[in-house]
Amino acid sequence: MTITRREFIAQAAATSIASSMMGTESRASVQPEKTAISAEARRRRDLETFLKIFPPSRTPATGRINAHDKTWENWVKRTGALPPDFEEMPSIPFLPNPLMYSENGRQIAVTNEVQWNRRKQWIRAQVERWVFGRMPPPPDTLRAIVTSIQREGTTTVRDVRLEFGPGHRATLRLQLIIPDGKGPFPVFLTNYGRRLPWLYTAVRRGYIGCYYAANDPMYGDVDDSDAYIDIYPEYDFSCLARWAWAASRAMDYLVTQPEIDKDAIGLAGHSRGGKQALLAAAFDERIAAVIPSSGNTGGCDPWRYTTDMFANESIELLTAAQPHWFHPQLRFFAGREDKLPIDQNMLAALIAPRGLMMNAAYAESAGNPFGFEQAYRSVLPVYALFGQEENLWLYLRDGRHPTSAENVEQFMDFFDSMFDRKRHPKSETWILGYSFEKWQKLSGEKIDPLQYPKMSVGDFLNQANGHAIGSEQEWVEKKKSIQQKISTMLGEAPPRVPFVAHDNISETDFSSEGWLATLYERPIDDSNRQMRCKLEGMGAVGLPFGDGLNGDLFYPLDADGKPKPGEWPVVIWLPPYSYQNGWSSYSPWRSEGWIYDLDARPSFPLLAKRGFAIFAFDHVGFGSRIHQAKYFYDRYPGWSMLGNMIEDTRAAVDALTKLKEIDASKIFLMGYALGGKVGLLTAGFEDRVKGVVSICGFDTLRLDTAASGTEGIRQYSHLHGLLPRLGFFAGYEDRVPFDFDEVLALVAPKPTLIVAPTLDRYARIADVQREVEASKKVYALLGKPEALQFETPVDINRFPQRTQERAFDWLSQV
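What you are looking at is a predicted structure, and each value in this text was computed from that prediction instead of being measured.

### Let's talk about helix 14 (residues 472-490)
And then number 1: Here helix 14 contains 19 residues, and its C-alpha end-to-end distance of 26 Å stays within 8% of the 27 Å for a straight helix at 1.5 Å per residue.
And then number 2: Those residues of helix 14 that sit buried are Trp 475, Lys 479, Ile 482, Gln 483, Ile 486, Met 489 and Leu 490. For helix 14, the buried positions fall inside an angular range of 115 degrees around the axis, keeping them on one side. Seen from the open side of helix 14, the exposed residues pointing more than 90 degrees away from its buried face are Gln 473 and Gln 484.
And then number 3: Contacts from the buried residues of helix 14 go to helix 19 (641-658), helix 20 (674-683), helix 22 (740-747) and helix 23 (765-781).
And then number 4: Of the residues one or two after helix 14, Gly 491 is the one with positive phi, at around 95 degrees.

As structure tokens, then:
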């Protein structure tokens, strides 16, 4: 019996969408029937769990997933699609290397162009399979109909309708703006129309501006590519893929025109248009250079660095809010980003050695300078393979999501450089700029891990003579030795003098969080924001503390809108890896065009309604303090950023204890991801802390080996630069001087809530349970076994509303 290609695709969605992957690029071998049934059972179980923990996707205002489906759930129901068998897929916790591939179980480095061309085909196939869907081949016939020609200013504007595909039913409208003068001209190609500012600057710089009508109708135009769903039913390409494929149809026309320099066609797109521009250039090598401006998640920012703890547009968020943008199967990887065989860095690498400018604003809400820098580091060796490093630019601009006229001028500088019109200095804007190797040179540190004893879970419960610790006094002595080991790893803190703290919240001060804080619309910078806080039952005031720092104190109001009488318990909020805007990620008063229901930050209004004050400040290297990261180890080579974070948190405790409005006996720390780690470590040293809530903040340093599939201790030493000294122990994790079972024991007997989701890809739940159980023995020894609460919800690494409410309940009862 024969089947149509469309029927084949539909069956494939149900049966082979997620075939097991044994290596980074090879399918699992065929398994016996019994194993196959077991795999299907696992996949059905995972789908059931997925549907329980994630909210339904939303019907997009524009666009369709395909001809039949309006939401992701519709697609699952129609196709019977199941998640991949994640247990059989390898974990790739760091960015997959574009220049490494597997062959017969061996890892082979790409060293020449022939190998790279083979590698490119594999990457393209994986990108289509997992992220964007399969795109049709170029049409055999394409005809262009000029629908109008008119003079506008000193340019000629030509409107063209392309017709192609089966029965020439597919169309794409182009508009060319041709400057006066002698050609051939370079081309600035974009789906960013004349209602938006880009084309004007391009024409002024001597380029033909070419707009193609495959974009989001929210920009005021019709998306010509939406009809391709029905015209090419055997292909499952998503909305972004259709836009990108349309860009190639514009290229089909442009390369035939005599007034155009065919070797100087540059493509640019912004936001969602930036995502499709990257994809188009990766698949169409006639595009000589590309600028995916602020494409962010799904653009140049890798999926692995856009998870909830980065306070970003995660796979889950994007595929729920815009289910038609990507192929529906991508949503299965929410919380399992490490299982993706490829990532956006590999898509970007496909453009080498042609021109690529990785561009975004480092302080925009959906951006992530850390992710961009990691992607740039990964792609640069591919350009080096061709000796064309100058063709890869990193341009992380000031400001927020929209571009300015000056930004577009810099885009044109890039295109001029790529097309040999005029060479401009390469842009390589490091915002963070950390690397372990650079730190080693700055610090001169050398640690021999073999000089440290091997340790396992719970070993800290024994004294030096091997006998178990059996008394509170023996624990006090052991506690000092653990604190000393941690302090040694954190490094030597510089001298500091205590800040002259305020006595009450009404005192004025002259401290500032700097100009970046104004982008985040923090309430103390704008009277309208203060009014908004009052409407939400909170007051807000700036509070100086520490070494010339400033934070924001939110406090409860009574029914008359005045500060609630009495002393307030206070929660110090310690944020996750929100590089782009610190503690204020997606706060309720943000107005950047999107309103997110994102859970990277707790609901301050809900806490205030329970009578709590909340103090929030940025970690060093994050948000308003992001520029302190780049030169931190130049200035403090013997210290660590994690040590700085702990000292800042203790300084916040100092400032809060001095305020007459604060109940100094009820100072709590609450943190998520990075903040959860900082909170536990701070509480292990700071006696004035009443209790701690740590969400996804408990690590198992000695158990996080390379075989665990997690980022392990390298997240501290090689990725984020938090605690570089741990880098010497990579491969010798059992010799790490301290672990979090000891850290948690230091916190005892303070009330502590540890929340460790069972599906957290950054920390294996069995390892976390093992270490927490060891720590419990110290709480029992100190007569407070009930003070430690350990909860393991079925969830991924995030801080959802239900977990927030549980944390708030716990705080209210302590």
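### Describing unusual backbone geometry
For residues besides glycine, phi is generally negative; the peptide bonds are generally trans as well.
And then number 1: In this structure, Pro 184 follows Gly 183 across a cis peptide bond, with omega equal to 0 degrees.
And then number 2: Within the fold, Pro 184 resides in the loop between strand 5 (170-179) and strand 6 (185-190).
And then number 3: Residue Pro 353 is bonded to the preceding Ala 352 through a cis peptide linkage, with omega at 5 degrees.
And then number 4: In this structure, Ala 673 takes a positive phi of about 55 degrees despite not being glycine.
And then number 5: With respect to the helices, strands and loops of the structure, Ala 673 is situated in the loop between strand 16 (662-672) and helix 20.

### Overview of the sheet that holds strand 15 (residues 613-616)
And then number 1: An order of 12-13-15-14-16-17-18-19 is seen for the 8 strands of this open sheet, with the pairing classed as mixed. Each edge of the open sheet is held by one strand with a lone partner, namely strand 12 (538-545) and strand 19 (788-791). Averaged over all adjacent pairs, the angle separating strand axes in this sheet is 20 degrees, with direction ignored.
And then number 2: Both strand 12 and strand 13 (residues 549-556) contribute to a ladder of 8 bridges, which runs antiparallel. By the bridge assignment, Met 538 is partnered in strand 13 with Pro 556.
And then number 3: Running over the sheet, helix 19 touches strand 12, strand 13, strand 14 (568-574), strand 15 and strand 16 and is turned about 115 degrees from strand 12.

### Some thoughts on the pairing of strand 13
Looking along a regular strand, one sees side chains alternate from face to face of the sheet.
And then number 1: Judged by how many residues are buried, strand 13 sits mostly within the fold: 8 of 8 residues are covered.
And then number 2: Connecting strand 12 to the next strand, strand 13, in antiparallel fashion are 3 residues, including Gly 546 with a positive phi near 60 degrees.
And then number 3: Across 3 bridges, strand 13 lies against strand 15 in antiparallel orientation. In the strand pairing of strand 15, Asp 552 is matched with Ala 616.

### Quick word on the confidence of the model for the protein chain
And then number 1: In the predicted model, the protein chain carries a mean pLDDT of 91, and 91% of its residues have values of at least 70.
And then number 2: Predicted confidence is poor over residues 1-34, with pLDDT under 50, and the contacts of this stretch with residues over four places away or in other chains come to 68 contacts.
And then number 3: Counting contacts from residues 586-598, a segment whose pLDDT is below 50, to residues more than four positions away or on other chains yields 51 contacts.

### So, the pattern of salt bridges
Where charged atoms from two side chains of opposite charge come close, those side chains can pair.
And then number 1: Per the stated rule, a full pass over the model turns up 51 salt bridges.
And then number 2: As a salt-bridge pair, Arg 421 and Asp 416 come within 2.9 Å of each other at their nearest N and O atoms.
And then number 3: Two residues, Asp 795 and Arg 802, come together in a salt bridge whose shortest N-O distance is 2.9 Å.
And then number 4: Among the charged side chains, a salt-bridge network with shared partners connects Arg 42, Arg 45, Asp 46, Asp 85, Glu 87 and Glu 88.

So, how was this worked out
Residues numbered from 1 in each chain as written. Predicted model: local features only at pLDDT ≥ 70, side-chain atom pairs only at ≥ 80, totals over all residues. Heavy atoms only, no water. Helix = DSSP H or I, 4+ residues; strand = E, 2+ residues; numbered from the N terminus. Expected span 1.5 Å × (residues − 1). Buried < 20%, exposed > 50% of the residue type's maximum accessible area, 1.4 Å probe, protein only. Arc of directions from axis to C-beta. Contact = heavy atoms within 4.5 Å. Pairing = 2+ DSSP bridges. Axes fitted to C-alpha atoms, helices over the stretch in contact; angles between N-to-C directions. pLDDT = per-residue confidence, 0-100. Salt bridge = Lys/Arg side-chain N within 4 Å of Asp/Glu carboxyl O.

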